[in-house]
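A structural walkthrough
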Amino acid sequence: DAGVTQSPTHLIKTRGQHVTLRCSPISGHKSVSWYQQVLGQGPQFIFQYYEKEERGRGNFPDRFSARQFPNYSSELNVNALLLGDSALYLCASSDGWGSGVYEQYFGPGTRLTVT
Amino acid sequence: AQRVTQPEKLLSVFKGAPVELKCNYSYSGSPELFWYVQYSRQRLQLLLRHISRESIKGFTADLNKGETSFHLKKPFAQEEDSAMYYCALSGSRETSGSRLTFGEGTQLTVNP
C-alpha cells in the first residue's frame, strides 16, 4: 500500500478562484481528516469524515467544504480563495473514529499557493 | 477549548546529550496526548502516544495531569533525531471526535 495519497502535489490559484483537493486513504480505512498547515505553524483541523458522514468541523469559514465518497476517498473544496488560504493541506486516514486509539496516517500534502 | 503549547520553536543539542522537548496543554477533560515527528522530506508520522506508554527510538513521554504537560525526552540524542516535532491532543469522542489539536512544533537539531 502506498499509504495515504493526495493530489495534486502543488497548485497555484488566483484570488477568488475555486480549488478541489483530493485524498485517497489507506485501503480499509474509513475515516479521513483534513488539516491546514500554514508555514511556521502546526496543522489545524478542518474536517473529519467517517463512513461518508461529517463527524467534525474545525473553525473554518463556509468557503471550506468537503465530502467523502463510497470508496472512502475524499475531496476538500475551497471557494473564493483568499491569499491567507495559501498553505499545505494535509489529509489523514484512520481505520476508526472517536478515539485516539485509532492512529492517523498522514499524506504528503498538497501545497496551495494563492496569488 | 483545547490548546497545545510548545514553547520552543528551535532546539539545538549535541550528539549524546540529553534532550527534552516541552509540551503543555489545556483541556477540561481527559485528553489523549501524542508526539508526531516530521523528518526532512518525509510525511508527518506518529512517534508515540501516552496511552501505550512505550518507548520509540529511545524517546519517552509522561503525561503529567497536574502540570498539564507531556514533555518528550531522550537521554542521548542522535543526529538522526534531527526533525520537526509536534505535540498533539485529542479530546473525548463526544466533544471532539478524534480531531487532533497540534502545537506549533519544535525544530530539533542534533549537532555532531
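Residues numbered from 1 in each chain as written. Chains lettered and ligands numbered in written order. Predicted model: local features only at pLDDT ≥ 70, side-chain atom pairs only at ≥ 80, totals over all residues. Heavy atoms only, no water.

**Some remarks on the overall build of chain A**
- If you tally the helices and strands in chain A, you get 0 helices and 11 strands.
- Order of helices (α) and strands (β) in chain A, N terminus to C terminus: β-β-β-β-β-β-β-β-β-β-β.
- The C-alpha radius of gyration computed for chain A amounts to 13 Å, which stays within 12% of the reference 13 Å derived for 115 residues, consistent with globular compactness.
- Among the 115 residues that make up chain A, the fraction classed as buried is 54%.
- Here the analysis covers contacts within chain A between residues at least 6 apart in sequence; of these, 53% occur between residues at least 24 apart.
- Accessible surface for chain A amounts to roughly 5,200 Å². Of this, 48% is attributable to carbon and sulfur atoms.
- Here chain A holds 10 positive side-chain charges and 9 negative ones, and the gap between their average locations is 8 Å. (Helix = DSSP H or I, 4+ residues; strand = E, 2+ residues; numbered from the N terminus. Rg over C-alpha atoms; globule rule 2.2 N^0.38 Å. Buried < 20%, exposed > 50% of the residue type's maximum accessible area, 1.4 Å probe, protein only. Contact = heavy atoms within 4.5 Å. Areas by Shrake-Rupley, 256 points an atom, 1.4 Å probe, with all protein chains shown as cover. Lys, Arg positive; Asp, Glu negative; His and termini not counted. Charge placed at Lys NZ, Arg CZ, Asp CG, Glu CD.)

**Some points on the pairing of strand β6 (residues 53–57) of chain A**
Residues and elements named next belong to chain A.
- The sheet contact formed by strand β5 (residues 44–50) and β6 spans 4 bridges and is antiparallel. Its bridge partner lying in β6, Q48 is registered against G56.
- Between β5 and β6, which follow one another and run antiparallel, lie 2 residues, and E51 among them has a positive phi close to 50°. (Pairing = 2+ DSSP bridges.)

**Considering the interface of chain A and chain B**
- Listed as interface residues are 26 residues of chain A and, on the opposing side, 19 residues of chain B.
- Counting each side, the surface lost to burial between chain A and chain B is near 1,800 Å², with a carbon and sulfur contribution of 47%.
- For the pair chain A and chain B, the number of links is 1 salt bridge.
- Ionic pairing is found between R49 of chain B and E103 of chain A, a salt bridge with its closest N-O pair at 3.4 Å.
- Listing elements by their share of the side of chain A that touches chain B, those giving two or more residues are β4 (31–37), β5 and β6 of chain A. (Buried area = accessible area lost by both parts, 1.4 Å probe. Salt bridge = Lys/Arg side-chain N within 4 Å of Asp/Glu carboxyl O.)

**Observations concerning unusual backbone geometry**
- Cis geometry is found at the peptide bond from S7 of chain A to P8 of chain A, where omega equals -10°.
- Tracing the backbone through its elements, the reader meets P8 of chain A in the loop between β1 (5–7) and β2 (10–13).
- A positive phi is found at A80 of chain A, a non-glycine position, where the angle reads about 45°.
- Inspection of the secondary structure puts A80 of chain A in the loop between β8 (74–78) and β9 (87–94).
- A80 of chain A sits in the partly exposed class, given a relative accessible area of 38%.
- A positive phi angle, near 65°, is found at R41 of chain B, a position not held by glycine.
- Summarising the element assignment, R41 of chain B is placed in the loop between β5 (32–38) and β6 (45–49).

**What to know about the sheet that holds strand β7 (residues 60–61) of chain B**
Residues and elements named next belong to chain B.
- With antiparallel pairing, the 3 strands of this open sheet are ordered in space as β3-β8-β7. Of all the strands in the sheet, just β3 (19–21) and β7 have a single pairing partner and so form its edges.
- In this structure, β3 lies alongside strand β8 (residues 72–74), joined through 3 bridges in antiparallel fashion. Bridging from a neighbouring strand, E20 pairs with K73 of β8.

**Examining the sheet that holds β8 of chain A**
Residue and element names in this part refer to chain A.
- Overall, antiparallel pairing links the 4 strands, which are arranged β1-β3-β8-β7 in an open sheet. Two strands in the sheet have a free side with no partner beyond their single neighbour: β1 and β7 (64–68). Sheet twist, expressed as the average angle between the axes of neighbouring strands with direction ignored, equals 15°.
- Bridging between β1 and strand β3 (residues 19–24) involves 3 bridges; their strand directions are antiparallel. What sits directly across from T5, in β3, is S24. (Axes fitted to C-alpha atoms, helices over the stretch in contact; angles between N-to-C directions.)

**Here's the deal with the environment of K74 of chain B**
All names here are of chain B.
- As for its position among the elements, K74 is in strand β8.
- We classify K74 as buried; its relative accessible area is 9%.
- In this structure, the C-alpha to C-alpha distance between K74 and L63, residues 11 residues apart in sequence, is 15 Å.
- Apart from the residues within four sequence positions on either side, K74 is in contact with A17, P18, V19, K57, G58, F59 and D81.

**Details of the pairing of β9 of chain A**
Residues and elements named next belong to chain A.
- Counting buried residues along β9, 8 of its 8 residues qualify, which places the element largely inside the surrounding structure.
- Neither face of β9 is exposed, since A87, Y89, C91 and S93 on one face and L88, L90, A92 and S94 on the opposite face are all buried.
- Bridge analysis of β4 against β9 gives 7 bridges, and the strand direction is antiparallel. Within β9, the residue paired with Q36 across the bridge is Y89.
- Taken together, the 2 bridges between β9 and strand β10 (residues 105–106) define a ladder with antiparallel strand orientation. Each residue of the ladder has a partner; that of S93, found in β10, is Y105.

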